[in-house]
Amino acid sequence: MNSSDQSKHECPYLQDYVWRKTYLTDHTYRNLVASISVNSVAIIPTILLNALAVFTVTTKRTLQSNSNILLACLAGSDLFAGMVGLTLSVVVNVKRAFSIEPFCALETVTFISLVGPTYVSLGHLVLISVDRYIAIKDALRYRVIVTKQRIKKGVLAAWAIGVYLTIQETVLAVAIQEAGKMYSVYLTVGTVSGFVIVFACILGICYCYVYIFTEIRRQKKRLQTEQVPQEEGKKIKKDNKAAYTLGIILGVLVITYMPLMILLLLGSIPSHNKLDTGTVLIYYSWATTSLLLRSFFNPIIYCWRNENIRYAILERFGIKKPERAVDMQMVEIQNRQNEIHPSASGT
């Protein structure tokens, strides 16, 4: 029995992509140690920053705008990804570096644990994109269309999809032990459904952002060439800033997912699939690290782009806000009042 057949027998779910003692060389060991170091350093800041973002928005009423609530929900999924994904990745690589068998069970759990948070985060990005799309396309009816109740339903739907796909992968991992026609059908259906969901989410995000970007350019030209009311000018600038924040988050998403996408693409081309399995697994380990580091960068983007969230978090550590931040908070309170009583702001 060759090593490929042995891997499929020992770990049928991951097949060739499970670690073996023979893959440990000086090169792979150095990469494993480096990956362990990066993931270990990122765990605590990722958990702390995302937890602070969630806690700050949920406990401070002046921050509970629709956009901030969706950002807090995204931070919640990133918190879970950092807490589970980064921790399991460290444990897996420690076992690989010290050749602690068995490898199959933990590596299977780690792979499955990454499925849910990935889809949940993607779902939240769809919700944020749609929120910004409606805010810019139909500003007058935004408060009627985007309600707290609908946001809640959208967030629950994103988590439901993530849980469903995680359960699906778990069933596949168990059912593969009983290989047969039913398993083959289930595998095909599961794979197709996963790709359809991803494609639909990416298509929705792209459509929303193309429209948002086009409208932002039009509004910028309008601000430069026309005399618009002060309140309308402030709203346009606020919407533009929120849209650019979304663009940065999507940019980070593309950058952090790019290594995995490249590996999957190259792996599907037989002429490029000549590397030994140990090296390929090291590449996948780094791609997973890149994917999970998105959960570390996102809360940094929130704090950088959203002054109110940033100063509210600093307040938790006893750092007082400068006078400009106090003015910004008063503006945010006024905006919240306008959300609750839109007719009053128009009189």
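Residues numbered from 1 in each chain as written. Predicted model: local features only at pLDDT ≥ 70, side-chain atom pairs only at ≥ 80, totals over all residues. Heavy atoms only, no water.

S.K.: Describe helix 10 (residues 307-316), and please don't skip the residues or the numbers.
M.R.: Looking only at helix 10, the buried set comprises Glu307, Asn308, Ile309, Tyr311, Ala312 and Ile313. The residue sitting at the N-terminus of helix 10 and contributing the capping side-chain oxygen is Asn306; that oxygen lies 3.1 Å from the backbone nitrogen of Asn308. Phi for Gly318, located one or two positions after helix 10, is positive at around 80°. (Buried < 20%, exposed > 50% of the residue type's maximum accessible area, 1.4 Å probe, protein only. Helix = DSSP H or I, 4+ residues; strand = E, 2+ residues; numbered from the N terminus. Polar contact = N/O pair within 3.5 Å; in protein donor to acceptor, adjacent residues only side chain to side chain.)

S.K.: Can you break down the nonpolar core residue by residue, with the values?
M.R.: One finds Trp19, Leu125, Ile212, Ile249 and Tyr302 to be the most contacted residues of the largest nonpolar core, which totals 60 residues. Sorting the residues of this core by element identifies helix 2 (26-59), helix 3 (66-97), helix 4 (104-137), helix 6 (148-175), helix 7 (181-225), helix 8 (230-267) and helix 9 (277-305) as the ones contributing at least two each. Among the elements that make up this core, the one with the highest residue count is helix 9 (10 residues). Non-local contacts of Leu125, meaning those with residues more than four positions away in its chain, are made with Leu74, Ile205, Ile249, Leu250 and Leu253. Counting residues in hydrophobic clusters, the runner-up holds six residues, among them Leu52, Val57, Cys303 and Ile309. (Core = buried A, V, L, I, M, F, W, Y, C linked by side-chain atoms within 4.5 Å. Contact = heavy atoms within 4.5 Å.)

S.K.: Describe the pattern of salt bridges, with residues and values.
M.R.: Charged atoms that come close allow side chains of opposite charge to pair. Applying the stated criterion across every chain, the model contains eight salt bridges. A salt bridge links Arg96 to Glu107, with the shortest nitrogen-to-oxygen separation between them at 3.1 Å. Note that Arg96 is positioned in helix 3 and Glu107 in helix 4, a separation of 11 residues in sequence. Taking the relative accessible area as the measure of exposure, Glu107 reaches 7% and is therefore buried. For Arg310, the salt bridge identified is with Glu307, shortest N-O distance 3.8 Å. Placement of both Arg310 and Glu307 in helix 10 is noted, with a separation of three residues, approximately one turn of the helix. By relative accessible area, Glu307 is classed as buried at 11%. (Salt bridge = Lys/Arg side-chain N within 4 Å of Asp/Glu carboxyl O.)

S.K.: Which residues make up a nonpolar patch on the surface, and what values go with them?
M.R.: A contiguous nonpolar surface patch, about 500 Å² in accessible area, is contributed by Phe80, Met83, Trp159, Val163, Ile167 and Val171. Only helix 3 and helix 6 provide two or more residues apiece to the nonpolar patch. No other element matches helix 6, which puts four residues into the nonpolar patch. When its relative accessible area of 31% is taken as the criterion, Trp159 is described as partly exposed. (Patch = residues over 30% accessible without salt bridge, like charges linked within 9 Å, V, L, I, M, F, W, Y side chains within 5 Å. Areas by Shrake-Rupley, 256 points an atom, 1.4 Å probe, with all protein chains shown as cover.)

S.K.: Give a detailed account of the packing of aromatic side chains, specifying residues and quantitative values.
M.R.: Overall, the coordinates contain six aromatic pairs when judged by the stated rule. Both rings, one in Tyr17 and one in Tyr284, keep their centres 5.8 Å apart while their planes meet at 80°; by these two values the pair is edge-to-face. Here Tyr17, found in the loop between helix 1 (3-10) and helix 2, pairs with Tyr284, found in helix 9; they are 267 residues apart in sequence, far enough to count as distant. Tyr284 sits in the buried class, given a relative accessible area of 18%. Members of the aromatic cluster, each reached through a chain of ring pairs, are Tyr133, Tyr207 and Tyr211. Sitting over the ring of Trp304, Arg305 keeps its end group 5.5 Å from the ring centre. Across the ring face of Tyr311, the terminal group of Arg310 is positioned such that the distance to the ring centre comes to 5.0 Å. (Phe/Tyr/Trp six-rings, centres within 6.5 Å; stacked < 30°, edge-to-face > 60°. Lys NZ or Arg CZ within 6 Å of the ring centre and 35° of its normal.)

S.K.: Lay out the side chain of Asn39 in plain terms, naming residues and giving numbers.
M.R.: Topologically, Asn39 is positioned in helix 2. Polar side-chain contacts of Asn39 include one of 3.2 Å to the side chain of Thr289.

S.K.: Tell me what's going on with helix 6, and back it up with residues and numbers.
M.R.: Given a rise of 1.5 Å per residue, 28 residues ought to cover 40 Å, and the 40 Å separating the end C-alpha atoms of helix 6 matches this to within 8%. For helix 6, the complete set of buried residues consists of Ile151, Gly154, Val155, Ala158, Gly162, Leu165, Gln168, Glu169, Leu172 and Ala173. (Expected span 1.5 Å × (residues − 1).)

S.K.: So what's going on with the packing of helix 4 against helix 6? Which residues, and what values?
M.R.: Following both chains from N to C, one finds helix 4 and helix 6 inclined at 155°, their axes separated by 8 Å at the closest point. Comparing the axis directions of helix 4 and helix 6 gives the class roughly antiparallel. Helix 6 is crossed by helix 4, and the crossing has right-handed handedness. Seen from helix 4, the contacting residues are Thr108, Phe111, Ile112, Val115, Gly116, Tyr119, Val120, Gly123, His124 and Leu127; seen from helix 6, they are Gly154, Val155, Ala158, Trp159, Gly162, Leu165, Thr166, Glu169, Thr170 and Ala173. (Axes fitted to C-alpha atoms, helices over the stretch in contact; angles between N-to-C directions. Parallel < 35°, antiparallel > 145°, perpendicular 65-115°, else oblique. Left-handed = near helix turned anticlockwise from the far one by under 90°.)

S.K.: Requested: an account of the confidence of the model for the protein chain, with residues and values cited.
M.R.: Mean pLDDT over the protein chain stands at 82; residues scoring 70 or higher make up 82%. Mean pLDDT values over the elements of the protein chain span from 44, in helix 12 (residues 342-346), up to 93, in helix 2. Long-range and interchain partners of residues 1-8, a stretch whose pLDDT sits below 50, account for 12 contacts in this model, where long-range means more than four residues apart. Predicted confidence for residues 342-347 stays below pLDDT 50, and this span has one contact to residues more than four positions away or in other chains. (pLDDT = per-residue confidence, 0-100.)

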